Number of protein chains: 2
Amino acid sequence: MTESPFPMLPVSQALEIVLQHTSPGMPVHLPLREASGLILADDVVANEPLPPFPASVKDGYAVVADDGPGTYPVVGSVTAGQVAEFEVKPGTVAYITTGAPIPSGADAVIMVEETQPVDNQPASQQSVQQVEILTQVQTGSDIRPIGIDVQRGEQILAADQRLYAAEIGLLATAGVTQVPVFGKPKVAILSTGDELVEPDQPMGPGQIRDSNRSMLMAAIGEAGGQVIDLGIGQDERADLERRIRRGLDEADILITSGGVSMGDLDLLKGLLDETGQIHFGRIRMKPGKPLTFATAQVGGRKRLIFGLPGNPVSSLVTFYLFVVPALRKMAGWPNPLLNRIQAHLGQPLPLDAFRPEYHRSTVTWDAALNNGRGGYLAISTGSQASSRLLSMRTANALLELPQQEGVLPAGSIVTALQIGDLFT
Amino acid sequence: MTESPFPMLPVSQALEIVLQHTSPGMPVHLPLREASGLILADDVVANEPLPPFPASVKDGYAVVADDGPGTYPVVGSVTAGQVAEFEVKPGTVAYITTGAPIPSGADAVIMVEETQPVDNQPASQQSVQQVEILTQVQTGSDIRPIGIDVQRGEQILAADQRLYAAEIGLLATAGVTQVPVFGKPKVAILSTGDELVEPDQPMGPGQIRDSNRSMLMAAIGEAGGQVIDLGIGQDERADLERRIRRGLDEADILITSGGVSMGDLDLLKGLLDETGQIHFGRIRMKPGKPLTFATAQVGGRKRLIFGLPGNPVSSLVTFYLFVVPALRKMAGWPNPLLNRIQAHLGQPLPLDAFRPEYHRSTVTWDAALNNGRGGYLAISTGSQASSRLLSMRTANALLELPQQEGVLPAGSIVTALQIGDLFT
C-alpha cells in the first residue's frame, strides 16, 4: 500500500503553524480614498482642535447673553467661512449663520426662531437693522467652543483600527490624507489540471470548466486581498514552473488549486530550493483532507504557499479556514481568526466518527430564539459531498461538528465560523 | 417666529416614502470578475450536467467490480483531460487519475492505496504491466456519475441571490461568464459651505476641513454604490447649480451634505422644475432632524435627492437609515432594510423624552450571554453630540432607543440596526 508521507494534523494545530509563519506586511501610506477597509498602522493624533474657533450651532444672532430680551441694533453679520471684523459690544447683536465663528464680544447665540424682525423686515436677511430678542439664554448657548468635538493632541484613532466611513471622516477631520495602513496582501492563484478549460471556452471530451479559479479570485477579493491571476497551468513541468515562479516573485501568498499530487509536490519542492519548506500536507477534517502548506524566502521575504484540494468545496472551505486568517494577519488584523458564534441547529445532523466536519450552513438571526432575546438559527445547505459546490450556495457559516458517532439533534447549540454576511 | 414649513415625520414613515420612490435599476450583463457582491437579476440554469462524464474520484485503477481481488493486466491508462480509446474488459484493469473519464467497460475505481504493484514496480506509474487488486468494491465505487453534482437543466442560482465566491464558482461551472446582475447605483456627493476646505489644504481663519464628503464617499463604497464626486459647492448660485445639474444628469442618487437651509431649498426647488418634488424635510429622530428628501425626473428616470444634515454624525446616521436602504433597493436587494438584531445593553442609557434616539454603539458577540447560548452585547460609544464624529468611531450598530422619559437599565434587550461588521 502507498501511504501519504504526511501525518494527519488537527485543524487547530495546522492553523497555528500557518499563523506562526505569517507576519503583518510593511505599512504603506495610501491616499484617504484608498484606505477604506484597511487596518491603520499607526495612532493618529489631532494637531488642531475641532472646531478650531468658537462656532455658531444655529442661524440667528450673536449676542451678549447678559443683555437679555429686548430690541437691539444689528451691528454686522458673519457667515460660515468668514471672520467678523467688528465687535459685538453689550447692547448690540450680530447676524450669524451655522458654523460661522463667533464675533469677539459675543458669548451666546439666539436662534432666529427666537427673534422677531423690527418693522416687518424678513428675519433671515442680513439687511435687518434692528431685531427683537425674545428669550434669555445662558452664556455659551448654541456655541461650540474650541475643541469641544476633538481636542488638540487628542488621539482620534488607534493603530490596529479598521477604517470604515466614520474613521475615514475622522482622518479627513485631522487632515491626514496620506494614511499609514497595511496594504492589501497580494495573492496569486494558479489552477492545475489538463482537464480544465476557461469558463468561457467550449468543453472538449473529458474536459470540465475551471470554476475554482473564478471562485477563489472572488473569495480573495472578499477577504481583502489583491488577486494575481496565474491562469491554468498545464501538467507540464516548464509551464507550471514558469507560473509558480511568477507567483512567488510577485505575490505574498501563492495558491494552487487542483490538488497537489505526489508528482506536483516533487515539482514544488524543487522550485522551493534550500529556503523552502513544506510544513504539512494533510488535515483531519471533512471536507478538504489534502491541504499542503509551504513557505519560501523569495527576494528577502517569506511567501506562503497553499496547495488547495481540487474539489471545489474542499478548496473553498480550506481557503476560509487557513488562507483567510493568514491574509488577515498580513493585512494587520489584530485578531485574524474567523468570527465564531453560537447557533441553534435547525435540524438534526449526522456526525462523522472519523473526522470533525465543517458543515456548510445558512445562519440567520431569529428574534424568537432564546425566549425573544434573539439568536442565530443554522440550516444545512443539504448534501455535503465535497464536489457539490451547490452545498456552498448561500452558506455564510461553517458549523464545527465534533468528530463522533451518532446524530446531533435539532435545537443543539453548535459553534459556527462566519464565512459570509450573517444576514440574507 | 420663523418655523420650518415641514412637518416632523417619524423615521418609519419617512423610510416608507423613500422606498416607495425607489425602484431596482435596469439589469446589465457584467463579466464574471465584476459580478462579485452584486445581486443576480435572473435565474441561472445549467445547460450541461456536472460532471459531464463519469469521472474517477481517486488515483488508482478502473476495474470491473465483479472481478474482485486478484492480479490483473493493466491494459492502458487515462489521465484527467484525456479520453481512453480502449475498453476495460472483464479480467483487465486500467490506470486512472482523479478527474479522468472512466473508460468504457469499467464500472468502479480502486484507489492506488488498495493495490500492490507486481514485480515491485512503483504503483503510481503508468508503466505498470500487472497490478494486484487487494479489495472487493461495489459497482460505481469512487466514480462520480454524470450529473451527480449538477443535473442538466437544474436551476443552480435563483434571481435575487447575492453573488459571493461560491455563487461565482457556480456561474463559472455553468459557463455563465456574462452575468445578468443589477449594477452598482451611481451616487453623486456634493458638500456645501463657504467654510469648507479640502482635507489636504491649509485651513484659513473661520474655515474647517470638509470631512463629511470623504466619510460619505467611503460609506457609499461600503454600501455598494459607485461614487461621483461633485466637490465642494461654494454658496454661490451658479456654482451650486452647475454641480447639482451634473449630479442629477449622471447619478441615480444625489446627496448634498452641509445642511439644506431655506435658501438652499429654494435653489433646489428651482432646479427641480416641474418634475421635481420635495417629499419631506424633517424627521423625528436624534440625531439628524433636518433631512430633506426629493425626487426628480431627469432623462426619463427618477433620481433621488437627499439633503443630509451638516453635522458629521447626523449626516452619517441619516445616510445609514435612509440612503443605504434606497441604494440596496436600486441594487436589487430583495430586502433592502438594515439588518435588525437584539442586543443586551452593557450599561444604563438615558432616554430622550422628545425624540427616538439612534444610539451609536459597538456590538460584539458574547458567548457567555443567554446562559452560554451566546448573544450580542452593546456598548455605547460615549457622548452622543451630533457634531462629535468620535461617537461613530468603532460603531457597528445603531441602538433604537424609544422616545420616553427615564433610563434604560443595563441588561435590557434593545433592537440594533447593523451599520458595520458585527465583530471586531
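For every chain, the first residue of its written sequence is number 1, and the numbers climb from 1 along that sequence. Both sets of labels track the order of writing: A upward for chains, 1 upward for ligands. Local features in this predicted model are restricted to residues of pLDDT 70 or higher, and side-chain atom pairs are both shown and tallied only at a pLDDT of 80 or more, whereas totals for entire chains, interfaces and linings draw on every residue. To get the side-chain values, all heavy atoms of the structure are used, and hydrogens and water are removed first.

> What is the right way to look at the overall build of chain A in this model?
In this text, helices come from DSSP runs of H or I with a minimum length of four residues, and strands from runs of E with a minimum of two, each type numbered from the N-terminal end. Scanning chain A for helices and strands turns up 7 helices and 29 strands. Radius of gyration means the value over C-alpha atoms here, while the globule rule gives 2.2 Å times the residue count to the 0.38 power. Relative to the globule expectation of 22 Å for 424 residues, the C-alpha radius of gyration of chain A, 32 Å, shows a markedly less compact shape. Its C-alpha atoms put chain A at 105 × 55 × 40 Å along the principal axes. Sequence separation of at least 24 residues holds for 70% of the intrachain contacts in chain A that already meet a minimum separation of 6. Values of accessible area rely on a 1.4 Å probe in the Shrake-Rupley scheme; residue burial ignores everything except the protein chains shown. Of the roughly 17000 Å² of accessible surface on chain A, a fraction of 49% belongs to carbon and sulfur atoms. With 31 positive and 45 negative side-chain charges, chain A shows a separation of 11 Å between the mean positions of the two kinds. By definition in these notes, contact holds between two residues if any of their heavy atoms fall within 4.5 Å. Charge convention: Lys and Arg are scored as positive, Asp and Glu as negative, and His as well as the terminal groups of each chain are ignored. Every charge is mapped to an atom, namely NZ of Lys, CZ of Arg, CG of Asp or CD of Glu.

> Explanation requested: the relation of the copies chain A and chain B in the structure shown.
Two chain copies here: they are related by a rotation about an axis and a translation along the same axis. The copies were overlaid by least squares, fitting only the C-alpha atoms of residues that reach a pLDDT of 70 or more in each copy. Overlaying chain A with chain B gives an RMSD of 0.1 Å, the required rotation being 180° about an axis along which the chain moves by 0.1 Å. The superposition operator between the copies reduces to a two-fold rotation axis. A high fraction, 100%, of the interface residues of chain A reappear at the interface in chain B, so the copies pair face to face through one surface.

> Looking at this model, I keep getting lost on the pairing of strand E26 (residues 375-380) of chain B. Mind explaining?
Looking along a regular strand, one sees the side chains alternate between the two faces of the sheet. Pairing between strands is defined by DSSP: at least two bridges between the two strands are required. Alignment of strand E23 (residues 340-345) of chain B against E26 of chain B, held across 3 bridges, turns out to be parallel. Across the sheet, residue alanine 343 of chain B finds its bridge partner in E26 of chain B, namely tyrosine 376 of chain B.

> Just checking my understanding: could you explain the interface of chain A and chain B for this structure?
Often, the extent of an interface is quoted as the loss of accessible area upon association of its parts. Taken together, the contact pairs 89 residues of chain A with 90 residues of chain B. A 1.4 Å probe defines the accessible area here, and the buried area is the portion of it lost by two parts on being joined, summed over both. For the pair chain A and chain B, the summed buried surface comes to about 7000 Å²; carbon and sulfur atoms form 58% of the total. For this document, the term salt bridge refers to a Lys or Arg side-chain nitrogen within 4 Å of an Asp or Glu carboxyl oxygen. Taken together, the links from chain A to chain B amount to 6 salt bridges. The residue arginine 33 of chain A makes a salt bridge to aspartate 229 of chain B at a minimum N-O spacing of 2.7 Å. Here a polar contact is taken to be a pair of N or O atoms separated by no more than 3.5 Å, where protein atoms must pair a possible hydrogen donor with a possible acceptor and residues adjacent in sequence count only if both atoms sit in side chains. Our enumeration of links across chain A and chain B arrives at 27 residue pairs in polar contact (both at pLDDT 80 or more). A breakdown of the residues in the side of chain A that touches chain B according to their chemical character gives 40 nonpolar, 26 polar and 23 charged. Here the term charged refers only to Asp, Glu, Lys and Arg, the term nonpolar to Ala, Val, Leu, Ile, Met, Phe, Trp, Tyr, Cys and Pro, and the term polar to all other amino acids, Gly among them.

> Just to check I follow, could you spell out the environment of aspartate 59 of chain B for this structure?
Residues and elements named next belong to chain B. Structurally, aspartate 59 is set in the loop between strand E5 (55-56) and strand E6 (60-63). Separated by 53 residues in the primary sequence, aspartate 59 and valine 112 place their C-alpha atoms 6.0 Å from one another. One polar contact links the side chain of aspartate 59 to the main-chain amide nitrogen of threonine 98, over a distance of 2.8 Å.

> Got a minute to help me understand the sheet that holds strand E2 (residues 27-31) of chain A in this structure?
Pairing between the strands of a sheet is mediated by backbone hydrogen bonds and can be parallel or antiparallel. Residues and elements named next belong to chain A. One open sheet holds the 3 strands; their spatial order is E2-E14-E3, and the pairing between them is antiparallel. Sheet topology places E2 and strand E3 (39-40) at the edges, where each strand pairs with a single neighbour. As paired elements, E2 and strand E14 (residues 178-182) share 5 bridges and run antiparallel to each other. When the bridges of E14 are listed, histidine 29 appears paired with proline 180.

> Help me understand the sheet that holds strand E21 (residues 290-298) of chain B in this model?
All names here are of chain B. An order of E1-E20-E21-E22-E19-E15-E18 is seen for the 7 strands of this open sheet, with the pairing classed as mixed. Both edges of this open sheet fall to strand E1 (8-10) and strand E18 (226-233), since each of them pairs with a single strand only. For this sheet, the mean angle separating the axes of adjacent strands, direction not counted, is 30°. Here 5 bridges tie strand E15 (residues 186-192) to strand E19 (residues 253-257), and the two strands are oriented parallel to one another. What sits directly across from isoleucine 189, in E19, is isoleucine 255. Along the sheet, helix H3 (residues 211-222) contacts E15, E18, E19 and strand E22 (301-308); its crossing angle with E18, the most-contacted strand, is approximately 170°. Axis definition: a line fitted to C-alpha atoms, limited for helices to the stretch in contact. Angles are taken between N-to-C directions and run from 0 to 180 degrees. Contacts from helix H4 (residues 237-250) reach E15, E18, E19, E21 and E22, with the element oriented near 170° to E18.

> What's the story with helix H6 (residues 312-330) of chain A in this structure? I'm lost.
The α-helix winds at 3.6 residues per turn, so residues separated by three or four positions along the chain end up facing the same way. Residue and element names in this part refer to chain A. Multiplying one less than the number of residues by 1.5 Å gives the expected span of a helix. Helix length check: H6 (19 residues) gives 25 Å between terminal C-alpha atoms against 27 Å at 1.5 Å per residue, within 8%. In this scheme, the bend at a residue equals the angle between the axes fitted to the seven residues that finish there and the seven that begin there. Largest kink in H6: about 40°, centred on tyrosine 320. Only protein chains enter the accessibility calculation, which uses a 1.4 Å probe; a residue is then buried when its area is under 20% of its type maximum, exposed when over 50%, and partly exposed in between. Most of H6 is tucked away, with 18 of its 19 residues classed as buried.

> Help me out: how do you make sense of the environment of isoleucine 413 of chain B in this one?
Take isoleucine 413 of chain B: it is sitting in strand E29 (residues 413-418). Distance from isoleucine 413 of chain B to histidine 344 of chain B, taken between C-alpha atoms, is 4.8 Å for residues 69 residues apart in sequence. Non-local contacts of isoleucine 413 of chain B, meaning those with residues more than four positions away in its chain, are made with Arg373 of chain A together with Gln342, Ala343 and His344 of chain B.

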